[in-house]
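Reading the structure
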Amino acid sequence: MQPAAAPDAAIPASARPSQSGLPPYEAMLAASDLQPDPALRIGRLANGMTYVIRHNATPAGTAEVRLRFDTGSLDETAAEQGYAHYVEHMAFNGSTNVPEGEMVALLERKGLAFGADTNASTGFDTTIYKLSLPTNTPDLLDTALMLMRETAGELLFDDAAVQREKGIILSERRDRNTYQFQDVVDRFAFEAPDATYPDRLPIGTLETLNAADGEALRAYWERNYRPELAVLTVVGDYPVEEVEAQIKAKFSDWQAKSQSVPDRVYGTVDLTRAPAEDIYIHPALPERVTATRQGQPQLAPDTAASRRKAVLRWVGYAIVNRRLKRLTRQDDPPFKSAGIGTSDMFRMGRISRLVVDTTEGEWKRGIDAAVAEYRRALAGGFSEAEVAEQLAKLITAQEDAAAGETTRTNAALTGDILELFGEGEIPTLPSASLERLRAMESQITPDAVLAALKEEMVPLDDAMLRYSGRTEPEGGTAALRAAWDEAMDAPLADTAPPQVTEFAYTDFGPAGTVVSDGRDPVYDIRRVTFANNVRLNIKQTDLAEDQVIVRVSLDGGDLLKTKDNPLAVELAPTLPAGGLGEHSADELETILAGRNVGARLGASGEVFTSTRTTTPRDLGLQLQLVAAYLTDPGYRSEAISAYRRQLPDRFARMDATPNAALATRQMEILSDKDPRYTIQSIEAYEALDFADLRAAMADRLAKGAIEIGIVGAIDEDKAIAMVGSTIGALPTREPAFLPRTDARQRSFTATRGPVFVRHGGQEDQAVIRYFFPTTDDSDAALTAWLELLQSVVDIALTEELRERLGQAYSPGVASSMSQTYPGFGLFLLNVGVDLSQIPPSVEAIEETMRKLRDEPISADLVQRARQPMLDKYDNALKSNAGWLGLVDRAQSQDDRLARFAAYRGRLESITPEELQQAARKWLPAGGAVEMIAIPEGATEPSL
């Protein structure tokens, strides 16, 4: 790393403090005793622009490029609301050297998919441009830096382009104007009435957005897109010296276009504000009470001392939140969830929050219980055992991070670097953090933890109280305040955490015998079968140091659902919350503290799956835990209680937005109300108990076929031994996943054309969703055809509806071809539009699809669609998660290995003519169910 300026060295004139108030990076490094990551190359050009470069090869042959501007919606004037975000959009709409509409196409030709690899974001105080480079060719880096340079200083803001983009921005604003967003707006206004940010939401207002023109946007851009407010980062598989030379060549001539930039105005925090209350009601909101109080900011350089304090505070909050979580695991808990913490309000203050989520009408009971725990913590402190439990979790997290230090991803390293410029946090090595933590272990005492917590947390004695929910609290704000005051004055009872024992599931009998041991010829995956028929597939990699991913697939899954019993496996994800026969879920959390293990279960097609990322040292315990759930699930009633408590909220939001309404109704419509794919009444869900799940799953847990996939930094023989002593030691199981031919029958409705679905969202919101029936994915060539066609349609719809017409913010396309249900597949188009624009949008969709069927598909369009897919394929096996998709079923679905190996060649061979044939066959005119979500009470448009 280049040496930082000495503490007494003069800071260059160009190195002015940022708009956020953070000092220049030289001063931040000089003020800290922490050693930054030595692999960083950090420097500043004469014009004031900072750059940070780091070579990294995870994933190999890729890179992440970011251009961060220290500007956001807080830097807008009242008349400019939304302009920071508008400018971000205009970066893709014409510059000196890149014509409007060419930037995205240029990147697609080079393998970057719009949205996934090419993106940007605007916040209150930051705007960041992102390019994820799928290859590390010099040409691609040159292109990436050229485009960032165009964004920095060469945007044009042509008035016609500004007006074309306006519809997209208004569409984005409309789509995001949900009940959750409105709740946040109200919360901001109540919590910080004297601050600027409640009136500077990045999305802007209709008035200011409609008034925007090229001149006004250029004025904001010229004022804020300045070299001294910019940080360019390049992290990836490039030589640092070459990257630095290119940055200097491209950015050294960039100069600010205005003389000065005004200071950012945060507003104020009124620490003397009298206690106040707020009530916000919406039919889809769950019941929540939030108590807050603000305090002065606690600004300090990032040093070893400040990090020690942060560790103590983290332990303190974690203990209180652990106590609150324990209360939710009772049969009749006082609340659904609760949490406490303190966060910064930019750099003008800090705010402490106690948040309590309750079942409807139970808000007072929730306040009583949560306030009691808050008060008990501050008055009585913590026990040695509580500190030890949370410290064990923290040490494990730090150990895991340190062990994986050399294989941190480009994206993770980029995030660490940007924290320096956003929060003033020095990008240190995980191993150094672990060393500091180990050195202070003896200082992490209950007294020290309590003192650190009290130092930061703002007392909630005179809290601001906010209620949100579906119905007004009885008694209104007066009752809310009275309940709080009563809870704060109530006598405190003594409580103590329960005593727990050692983990009871370590012996599953004699280790299983291996009866088959070989390797697949394509990817060298080791494939083992035990005498009890458990199958194990292992792929040893060095892609992520000290990381292992294990997935257990158990026969059954969604195929256990029947028309007579459509909710047979509804409770399967709840099973881990029921604990084990010897330990409740709460006891397990304490017993397993400090170990990287956990239980999770889901139904996916023909199997139940449990997936966990762990470490080589904890893999054996993870397998013991899975074996314990297979042999002795607890089926405790507190898990059912928690499941039932969330049902009213779940049903309340089912139709609250257009997308929610479609998600709720679409499979019911497509299946002609097949009960397996239809939402049942809330009473049906409320009636469920573990007896229902036991009836459906017990024999699957006991004897269902199992296949295990293990990927990562693990010795193969050790992994085999670990499985052999756990799942491989269980009684004999079925040798294969059952065919269940009848359960695999799934039909697609004969209905075609418009079907209207009603939603409870905003009156201008609508979503158009086309469903074309296709087929299953048994034909590898057809699957590739439709996947490439999906990408082609996505680009074509985006260009038509977003870029040309400005009617939709983010059209989406997906091809889903089933591996479970023969003959079943869907090709989906999704477009969010203004209610008034449904007819022209439908017309545009139909015309786009007609062109793909009837007119030649250009080679350039196919290249733009195909290249990101090819690069994604080339990078798929550069992570353990990518390998897991091949490894987990490498025996029962061994044909998928050769199929995946041939995918690239298959994709490259597809011609535009073949895509057109696929479009004609599978996406015919009039061949889709056209679901359209419109507001309650709206007139169905004529189509």
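Below, the structure is looked at part by part. No experiment lies behind these values; they were computed from the predicted model shown. (Residues numbered from 1 in each chain as written. Predicted model: local features only at pLDDT ≥ 70, side-chain atom pairs only at ≥ 80, totals over all residues. Heavy atoms only, no water.)

1. Quick notes on the overall build of the protein
Our working rule: The helix count covers DSSP runs of H or I at least four residues long, the strand count covers runs of E at least two residues long, and both are numbered beginning at the N terminus. Only the C-alpha atoms count toward the radius of gyration. The rule for a globule is 2.2 Å times the residue count to the power 0.38. Here's how the labels work: a residue is buried when its accessible area is under 20% of the maximum for its type, exposed when over 50%, partly exposed in between, all with a 1.4 Å probe on protein chains only.
Within the protein one finds 30 helices and 23 strands. The C-alpha atoms of the protein give a radius of gyration of 29 Å, which matches the 30 Å a tight globule of 943 residues would have. In terms of overall dimensions, the protein has C-alpha extents of about 80 × 75 × 60 Å along its principal axes. Counting the 943 residues in the protein, one finds 56% classified as buried.

2. With respect to the environment of Leu271
Quick reminder of the rule: The criterion used for residue contact is that any of the two residues' heavy atoms lie within 4.5 Å.
Within the secondary structure layout, Leu271 lies in the loop between α9 (240-251) and β7 (277-281). Judged by its relative accessible area of 34%, Leu271 falls in the partly exposed class. In sequence terms Leu271 and Gln259 are twelve residues apart; their C-alpha atoms lie 36 Å from each other. Setting aside residues up to four positions removed in sequence, Leu271 forms contacts with Arg293, Gln294, Gly295 and Gln296.

3. A few points about the packing of helix α10 (residues 304-328) against helix α14 (residues 430-440)
Our working definition: Between the N-to-C directions of two axes lies an angle of 0 to 180 degrees, each axis being a line fitted to C-alpha atoms and, for a helix, fitted only over the stretch in contact. Angles are sorted into four bins: roughly parallel if under 35 degrees, roughly antiparallel if over 145, roughly perpendicular if 65 to 115, and oblique for all others. Note on convention: near helix rotated counterclockwise from far helix by under a right angle means a left-handed crossing. Clockwise means right-handed. Only Asp, Glu, Lys and Arg are considered charged in this grouping, and only Ala, Val, Leu, Ile, Met, Phe, Trp, Tyr, Cys and Pro are considered nonpolar; every other residue, Gly among them, is considered polar.
Direction vectors running N to C along α10 and α14 enclose 70°, while the axes themselves pass 11 Å from each other. In terms of orientation, α10 lies roughly perpendicular with respect to α14. When you trace α10 past α14, the crossing you get is right-handed. Across the interface between the two elements, Ala304, Arg307, Arg308, Val311 and Leu312 from α10 touch Ser433, Arg436, Leu437 and Met440 from α14. Grouping the amino acids of the contact of α10 with α14 by side-chain chemistry returns five nonpolar, one polar and three charged.

4. Some thoughts on unusual backbone geometry
The phi torsion of most residues other than glycine is negative, and most of the peptide bonds are trans. Cis geometry is adopted by the peptide bond preceding Pro59, which originates at Thr58 and carries an omega value of -5°. Along the polypeptide, Pro59 turns up in the loop between β2 (50-55) and β3 (63-69). A positive phi is found at Asp524, a non-glycine position, where the angle reads about 60°. One can find Asp524 in the loop between β12 (514-519) and β13 (526-530). A positive phi angle, near 65°, is found at Lys673, a position not held by glycine. Following the sequence through the fold, Lys673 ends up in the loop between α20 (658-670) and α21 (682-686).

5. Quick notes on the pairing of strand β20 (residues 765-773)
Quick reminder of the rule: Two strands pair under a simple rule: DSSP has to find at least two bridges between them.
Within β20, eight of the nine residues are buried, which leaves it mostly tucked inside the rest of the structure. Here nine bridges tie β20 to strand β22 (residues 825-834), and the two strands are oriented antiparallel to one another. Across the sheet, the residue bridging to Gln765 is Asp834, located in β22. Taken together, the five bridges between β20 and strand β23 (residues 929-935) define a ladder with antiparallel strand orientation. Paired with Ile768 across the strands is Ile932, a residue of β23.

6. Some thoughts on the sheet that holds β2
An order of β1-β2-β6-β3-β5-β4 is seen for the six strands of this open sheet, with the pairing classed as mixed. Each of the sheet's edge strands pairs with one partner strand only, and the pair in question is β1 (41-44) and β4 (118-122). Averaged over neighbouring strand pairs, the angle between their axes works out to 10° when direction is ignored. Where β1 and β2 come together, four bridges link them in antiparallel fashion.

7. Focus on the packing of aromatic side chains
We apply this condition: Any Phe, Tyr or Trp ring, taking Trp's six-membered ring, that has another such ring centre within 6.5 Å forms a pair; planes under 30 degrees apart are called stacked, those over 60 apart edge-to-face, and the others tilted. In this analysis the charged atom, NZ for Lys or CZ for Arg, is taken to sit over a ring once it is within 6 Å of the ring centre and within 35 degrees of the ring normal.
This model, assessed by the stated rule, comprises 22 aromatic pairs. Judged by centre distance (6.4 Å) and plane angle (65°), the ring pair of Phe251 and Trp254 falls under edge-to-face. Here Phe251 and Trp254 have matching classes, each one buried. With a centroid separation of 5.7 Å and an interplanar angle of 55°, the aromatic rings of Phe503 and Tyr505 are classed as tilted. Considered together, Phe503 and Tyr505 belong to a single accessibility category, that of buried residues. Members of the aromatic cluster, joined through ring pairs, are Phe69, Tyr129, Tyr225, Phe251 and Trp254. Between Arg746 and the ring centre of Tyr677, over which it is positioned, the NZ or CZ distance is 3.9 Å.

8. Observations concerning the pairing of β23
A regular strand carries its side chains on alternate faces of the sheet. For β23, the buried fraction is high: seven of the seven residues fall into the buried class. Looking at chain direction, strand β19 (residues 753-759) and β23 are connected through seven bridges and run parallel. What sits directly across from Gly753, in β23, is Val929.

9. A few points about the nonpolar core
Applied cut-off: Definition used in this section: a nonpolar core is a set of buried Ala, Val, Leu, Ile, Met, Phe, Trp, Tyr and Cys residues joined via side-chain atoms within 4.5 Å.
Counting residues in each nonpolar core, the largest one holds 57 residues, and the members touching the most others are Phe503, Leu536, Ile708, Ile710 and Ile727. The element contributing the most residues to this core is helix α18 (residues 619-631), with nine residues. Once residues lying within four places of it in the same chain are set aside, the contact partners of Ile708 are Val534, Arg535, Leu536, Asn537, Val550, Arg551, Val552, Val723, Ile727 and Asp888. If you look at the next biggest cluster of nonpolar residues, it comprises 56 residues, including Leu797, Val831, Leu852 and Val887.

10. Some remarks on the sheet that holds β20
Consider a sheet: its strands pair through backbone hydrogen bonds, and that pairing is either parallel or antiparallel. The strand order across the open sheet built from five strands is β19-β23-β20-β22-β21, with neighbouring strands paired in mixed fashion. Sheet topology places β19 and β21 (812-817) at the edges, where each strand pairs with a single neighbour. Strand-to-strand twist in this sheet, taken as the mean axis angle between neighbours without regard to direction, amounts to 20°. Here β21 pairs with β22 via six bridges, running antiparallel. Each residue of the ladder has a partner; that of Met817, found in β22, is Gly825. Contacting β20, β22 and β23, helix α25 (residues 838-854) crosses the sheet at an angle of about 30° to β20.

11. What to know about helix α2 (residues 83-90)
In terms of burial, α2 is a largely internal element, eight of the eight residues being buried. On its buried side, α2 packs onto β4, β5 (127-133), α5 (159-176), α7 (206-211), α8 (214-224) and α24 (780-804).

12. Considering the environment of Ser879
Of note, Ser879 is situated in the loop between α26 (859-875) and α27 (880-887). With a relative accessible area of 30%, Ser879 lands in the partly exposed category. Put simply, Ser879 and Thr58 are 821 residues apart on the chain and 8.3 Å apart in space, counted from C-alpha to C-alpha.

13. Points about the pattern of salt bridges
Where we set the bar: Any Lys or Arg side-chain nitrogen found within 4 Å of a carboxyl oxygen on Asp or Glu counts as a salt bridge.
Inspection of every chain in the model, using the stated rule, returns 84 salt bridges. The salt bridge involving Glu26 is made with Arg44; its shortest N-O contact spans 2.6 Å. Separated by 18 residues along the polypeptide, Glu26 in helix α1 (residues 25-30) and Arg44 in strand β1 bring together distant segments of the chain. Both residues of the pair, Glu26 and Arg44, count as buried. Within this structure, Arg322, Lys325, Arg326, Arg329, Glu389, Lys393, Asp586 and Glu589 form a network of salt bridges that share partners.

14. Quick look at the side chain of Asp520
Inclusion rule: Polar contacts, as counted here, are pairs of nitrogen or oxygen atoms within 3.5 Å of one another; within protein the pair requires one atom able to donate a hydrogen and one able to accept it, and residues that are adjacent in sequence qualify only if both atoms are side-chain atoms.
For Asp520, the position within the fold is in the loop between β12 and β13. At 2.7 Å, the side chain of Asp520 and the backbone nitrogen of Val522 are in polar contact. A distance of 3.0 Å separates the side chain of Asp520 from the backbone nitrogen of Asp524, its partner in a polar contact. Not counting residues within four places of it along the chain, the set of residues in contact with Asp520 comprises Ile525, Arg527 and Leu897.

15. Here we look at a negative patch on the surface
Cut-off, in case you're wondering: In this analysis, a patch consists of residues with relative accessible area above 30% that form no salt bridge, clustered at 9 Å for like charges and at 5 Å for the nonpolar side chains Val, Leu, Ile, Met, Phe, Trp and Tyr. Note that accessible areas follow from Shrake-Rupley with a 1.4 Å probe, and for residues the cover is restricted to the protein chains shown. For the charge count, each Lys or Arg is scored as positive and each Asp or Glu as negative, with His and the chain ends excluded. We put the charge of a Lys on NZ, of an Arg on CZ, of an Asp on CG and of a Glu on CD.
Together, Asp344, Asp416, Glu419, Glu423 and Glu425 give the surface a local cluster of negative charge. Looking at the negative patch, the element that brings in the most residues is helix α13 (residues 410-423), giving three residues. Tracing the sequence through the fold places Asp416 in helix α13.

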